[in-house]
Amino acid sequence: VSFDLDDTLWDIAPVISRAEHAMYRFLERKYPQVTQRHSLESMRDIRARIALDRPGMRHDFTWLRLEALRMHAIEAGYPESMAEDAFEVFFAARNDVQLHEDVVPALDWLRSRRLRLFVITNGNADLERIGIAEYFEQVVHARVAGALKPDLAIFRGLLAAAGLDPPAIAHIGDDPHADMRGARAAGMRTVWLNRRGVPWPADESGPDHVIGSLAELTGLPPFA
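These remarks concern the structure in this document. (Residues numbered from 1 in each chain as written. Predicted model: local features only at pLDDT ≥ 70, side-chain atom pairs only at ≥ 80, totals over all residues. Heavy atoms only, no water.)

When helices and strands are counted, the chain shows ten helices and six strands. The C-alpha atoms of the chain give 19 Å as radius of gyration, which agrees with the globular expectation for 224 residues (17 Å, within 12%). Each principal axis of the C-alpha distribution contributes one length, and for the chain these read about 60 × 35 × 30 Å. Sorting the 224 residues of the chain into buried and exposed places 49% on the buried side. Once local pairs closer than 6 in sequence are excluded, the contacts in the chain between residues at least 24 apart make up 56%. When the accessible surface of the chain is split by element, carbon and sulfur atoms take 50% of a total near 10700 Å². Each charge class in the chain was averaged separately, 26 positive and 33 negative side chains, and the resulting centres sit 1 Å apart. (Helix = DSSP H or I, 4+ residues; strand = E, 2+ residues; numbered from the N terminus. Rg over C-alpha atoms; globule rule 2.2 N^0.38 Å. Buried < 20%, exposed > 50% of the residue type's maximum accessible area, 1.4 Å probe, protein only. Contact = heavy atoms within 4.5 Å. Areas by Shrake-Rupley, 256 points an atom, 1.4 Å probe, with all protein chains shown as cover. Lys, Arg positive; Asp, Glu negative; His and termini not counted. Charge placed at Lys NZ, Arg CZ, Asp CG, Glu CD.)

A few words on the pairing of strand β4 (residues 170-173). Judged by which residues are buried, β4 turns out to be covered on both faces: Ala170 and Ile172 on one side and His171 and Gly173 on the other are all buried. Relative to β4, strand β1 (residues 2-3) runs parallel, the two being bridged by two bridges. Note that in β4 the partner of Ser2 across the bridge is His171. Of the pairings in the sheet, the one linking β4 to strand β5 (residues 189-193) comprises four bridges and is parallel in character. Paired with Ala170 across the bridge in β5 is Arg189. Assessed by its sense of winding, the connection that carries the chain from β4 through helix α10 (residues 176-185) to β5 is right-handed. (Pairing = 2+ DSSP bridges. Right-handed = clockwise from strand over helix to strand, strands pointing away.)

To continue, consider the nonpolar core. Generally speaking, nonpolar side chains in soluble globular proteins are found buried as a group. Grouped together as the largest cluster of nonpolar side chains are 29 residues, with contacts concentrated most on Phe3, Leu9, Trp10, Phe136, Leu214 and Leu217. Mapped by element, the contributors of at least two residues to this core are α6 (103-112), α7 (127-130), β4 and β5. A per-element tally of this core places α6 first, with four residues. Once you skip the residues sitting within four places of it in the chain, Leu9 turns out to touch Phe3, Asp4, Gln98, Leu99, His100, Val103, Ile132, Phe136 and Leu214. (Core = buried A, V, L, I, M, F, W, Y, C linked by side-chain atoms within 4.5 Å.)

Our next topic: the environment of Ala147. By the element assignment, Ala147 lies in the loop between α8 (142-145) and α9 (152-162). Note on Ala147: relative accessible area 8%, which makes it buried. C-alpha separation for the pair Ala147 and Asp60, spaced 87 residues apart in sequence, amounts to 8.4 Å. In this view, Ala147 contacts His59, Ala142, Ala153 and Ile154; residues no more than four positions away in its chain are not counted.

A full pass over the atoms with the stated rule returns 19 salt bridges. The partner of Arg111 in a salt bridge is Glu134, and the shortest N-O contact between them spans 3.3 Å. With a gap of 23 residues between them, Arg111 in helix α6 and Glu134 in the loop between α7 and β3 (138-141) connect regions that are remote in the sequence. For Glu204, the salt bridge is made with Arg184, and the minimal N-O distance between the two is 3.6 Å. Taken together, the positions of Glu204 in the loop between β5 and β6 (209-211) and Arg184 in helix α10 put the pair 20 residues apart, joining distant regions of the chain. (Salt bridge = Lys/Arg side-chain N within 4 Å of Asp/Glu carboxyl O.)

With that settled, the discussion passes to the sheet that holds β5. Sheet architecture is open: six strands sit in the order β3-β2-β1-β4-β5-β6, paired in parallel fashion. With one partner strand each, in any of the chains shown, β3 and β6 form the two edges of the open sheet. As paired strands, β5 and β6 are joined by three bridges and run parallel to one another. Residue pairing in the sheet places Leu193 in a bridge with Ile211 of β6.

Contact pair helix α3 (residues 40-53) / helix α4 (residues 61-76): the axes reach a minimum separation of 9 Å and the direction vectors enclose 120°. In terms of crossing hand, the pair formed by α3 and α4 is right-handed. Contacts from Met43, Ile46, Arg47, Ile50 and Ala51 in α3 reach Trp63, Leu64, Arg65, Glu67, Ala68, Leu69, Met71 and His72 in α4. Its residues assigned to classes, the contact of α3 with α4 comprises nine nonpolar, one polar and three charged. (Axes fitted to C-alpha atoms, helices over the stretch in contact; angles between N-to-C directions. Left-handed = near helix turned anticlockwise from the far one by under 90°. Nonpolar A, V, L, I, M, F, W, Y, C, P; charged D, E, K, R; others polar.)

With respect to the helices, strands and loops of the structure, Met23 is situated in helix α1 (residues 13-30). As for Met23 and Leu110, which are separated by 87 residues in sequence, their C-alpha atoms are 36 Å apart. Excluding residues within four positions of it along the chain, Met23 makes contact with Met43, Leu69, Ala86, Val89 and Phe90.

Below you can see the structure in the form of structure tokens.
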């Protein structure tokens, strides 16, 4: 079983917001020339422009943040090491997530059935910091695979690492495009986790299974 992370095992928007504000407060205290020049919004705009200017790096969220911070440091007359200092503040808060209540029970149940568990993620979460790394045999990050979901490269990276044929893996994720389209194109089985009860997009082929909670995995044919 492979899992997406952000918005599947936890809600990501409030996490990123808290992390960016924590980083900004750090810059205000330690590197004030940066925050005198930029708001959080203008820093986000610059990072977005870097992603547009460097499309070959858009899959690497860590690099994009560090590169933007290096630019801010140089502009403000600070050493480039500022980037690593500020990023560490961001990254610590980025990994301070609140797991959904169904996550650990589901992982425990899947592990009790001796299923191999994996992660395929576009993000840069650190499962060791979060505290759930023990459940997963392999984590495939977009920044290592060199591509963002739904690109086949990231799914093929997992298949190669796992040594499994595509139909042997069921991929669970929240995003109809990135997760379900990508996994389906790779030949995997697809399980759409639709926590909010939103309609399935009309322009996407349907998943193999739809669940509203990871607790429902116990009733699905691939697992029951």
